[in-house]
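# Structural overview for review
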Amino acid sequence: MGGPGDRPAVQMSTIDRISWSVLLVFGVFVIYESLQINYYGSDFGPGPGFFSFWLGVLVVGLSVVEIGRALRKTVALPAGFFPDRAGVVRIACLLGALMAAALLLDRLGYSLTMFLFCGFLLRVLGRQSWWLTLVLAGLGSFGTAYIFRLLLVMLPGGILGI
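None of the values given here were measured: they were computed from a predicted structure.

## A few points about the overall build of the chain
Helices and strands together make up the secondary structure of the chain, namely five helices and zero strands. For the chain, the succession of helices and strands along the chain, N to C, is α-α-α-α-α. Relative to its 162 residues, the chain shows a buried fraction of 20%. Restricting the contact set of the chain to residue pairs at least 6 apart, pairs at least 24 apart contribute 61%. Total accessible area computed for the chain in this model is approximately 11600 Å², and 73% of it derives from carbon and sulfur atoms.

## As for the packing of aromatic side chains
Counted under the stated rule, the structure contains three aromatic pairs. Residues Phe 53 and Trp 54 carry aromatic rings whose centres are separated by 5.0 Å and whose planes lie at 85° to one another, so their mutual orientation is edge-to-face. The exposure class assigned to Trp 54 is partly exposed, which follows from its relative accessible area of 44%. Between Phe 115 and Phe 142, the aromatic rings sit 6.1 Å apart at their centres with planes inclined by 50°, giving tilted as the arrangement. Taken together, the residues span a long stretch of sequence, with Phe 115 in helix α4 (residues 110–125) and Phe 142 in helix α5 (residues 130–150) at a distance of 27 residues. Taking the relative accessible area as the measure of exposure, Phe 115 reaches 25% and is therefore partly exposed. For Phe 142, a relative accessible area of 37% corresponds to the partly exposed category.

## Re helix α3 (residues 85–108)
Its 24 residues place the ends of α3 33 Å apart at the C-alpha level, agreeing with the 34 Å of an ideal helix rising 1.5 Å per residue. Along its length, α3 reaches its greatest deviation from straightness, about 30°, at Ala 102. Listed in full, the buried residues belonging to α3 are Gly 87, Ala 97, Ala 101 and Leu 108. Elements in contact with the buried residues of α3: α4.

## Thoughts on the packing of α4 against α5
Contact geometry for α4 and α5: axes closest at 8 Å, N-to-C directions at 145°. Here α4 runs over α5; the crossing is right-handed. Where α4 abuts α5, its residues Tyr 110, Ser 111, Leu 112, Met 114, Phe 115, Cys 118, Gly 119, Leu 122 and Arg 123 lie against Trp 130, Thr 133, Leu 134, Leu 136, Ala 137, Gly 138, Ser 141, Phe 142, Thr 144, Ala 145, Phe 148 and Arg 149. Tallied by class, the residues present in the contact of α4 with α5 amount to 13 nonpolar, six polar and two charged.

## Some details on the nonpolar core
Core analysis: the largest hydrophobic core is formed by six residues, namely Ala 97, Ala 101, Tyr 110, Met 114, Phe 117 and Ala 145. Those elements giving two or more residues to this core turn out to be α3 and α4. Here this core takes three residues from α4, the largest share from any one element. Leaving out residues up to four positions away in the same chain, Phe 117 has contacts with Ala 97, Leu 98 and Ala 101.

## Observations regarding the packing of α3 against α4
Where α3 contacts α4, the axes come no closer than 8 Å and their chain directions differ by 165°. As summarised for this structure, α3 and α4 are arranged roughly antiparallel, according to the angle between their axes. In this structure, α3 crosses over α4, and the sense of that crossing is right-handed. Across the interface between the two elements, Arg 90, Cys 93, Leu 94, Ala 97, Leu 98, Ala 101, Leu 104, Leu 105 and Leu 108 from α3 touch Tyr 110, Leu 112, Thr 113, Met 114, Leu 116, Phe 117, Phe 120, Leu 121 and Leu 125 from α4.

## Notes on helix α2 (residues 49–72)
An ideal rise of 1.5 Å per residue puts 34 Å on 24 residues; α2 measures up with 35 Å between its terminal C-alpha atoms. Where α2 is concerned, the buried positions are Gly 49, Phe 53, Gly 56, Val 60, Ser 63, Ile 67 and Ala 70.

Rules of the game
- Residues numbered from 1 in each chain as written.
- Predicted model: local features only at pLDDT ≥ 70, side-chain atom pairs only at ≥ 80, totals over all residues.
- Heavy atoms only, no water.
- Helix = DSSP H or I, 4+ residues; strand = E, 2+ residues; numbered from the N terminus.
- Buried < 20%, exposed > 50% of the residue type's maximum accessible area, 1.4 Å probe, protein only.
- Contact = heavy atoms within 4.5 Å.
- Areas by Shrake-Rupley, 256 points an atom, 1.4 Å probe, with all protein chains shown as cover.
- Phe/Tyr/Trp six-rings, centres within 6.5 Å; stacked < 30°, edge-to-face > 60°.
- Expected span 1.5 Å × (residues − 1).
- Bend = angle between axes of the 7 residues up to and from the residue.
- Axes fitted to C-alpha atoms, helices over the stretch in contact; angles between N-to-C directions.
- Left-handed = near helix turned anticlockwise from the far one by under 90°.
- Nonpolar A, V, L, I, M, F, W, Y, C, P; charged D, E, K, R; others polar.
- Core = buried A, V, L, I, M, F, W, Y, C linked by side-chain atoms within 4.5 Å.
- Parallel < 35°, antiparallel > 145°, perpendicular 65-115°, else oblique.

Spelled out as C-alpha cells, the structure:
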C-alpha cells in the first residue's frame, strides 16, 4: 500500500513557481479586465476599474518577486505536506458546498443560502453540535444580511424575499 512517504519527491520551489505563476496569470487577467471598464471615472474620482487595476498590478508584482525567490531556493517538502484521503474528501466537500451556494444564491436568497452553507460547514465539516450549528449559522447568515441592509447593500432575496 502506498503511503505519503511513497510519493515521488517534489521540490517546494516547484510548487511555489507553479502557484505563483498561476497568480501571475490571474493578475494579468485582472489588469486586462479592469482596463475594459471605465478606469478613469469622472471628475469626482476614479472609476470602477481603478481598484481592480491596482490590485492586479500588486498581484503581478508580488508574483514576480516570489517566482524569483522560488528560483533561488530548493527545499524538500515536509512529510505529510499533501493531504491524505480524508483531507481530500473534506476539500472536495468544501468546494462542492461553495458551488452549491453559488448556484442557490439567486433562488434561495443570501440569508437562506448562507444559513445552509454555514450550517453544512459547522455540522458536517466542523462536527459541531446541532444547537451551536443553528445559532452560529443563524447569526452568521441573518446577522450579516442585517448589517448589509443597514449599509444599504442589496442582496439577493430569493423566493421568500429574505
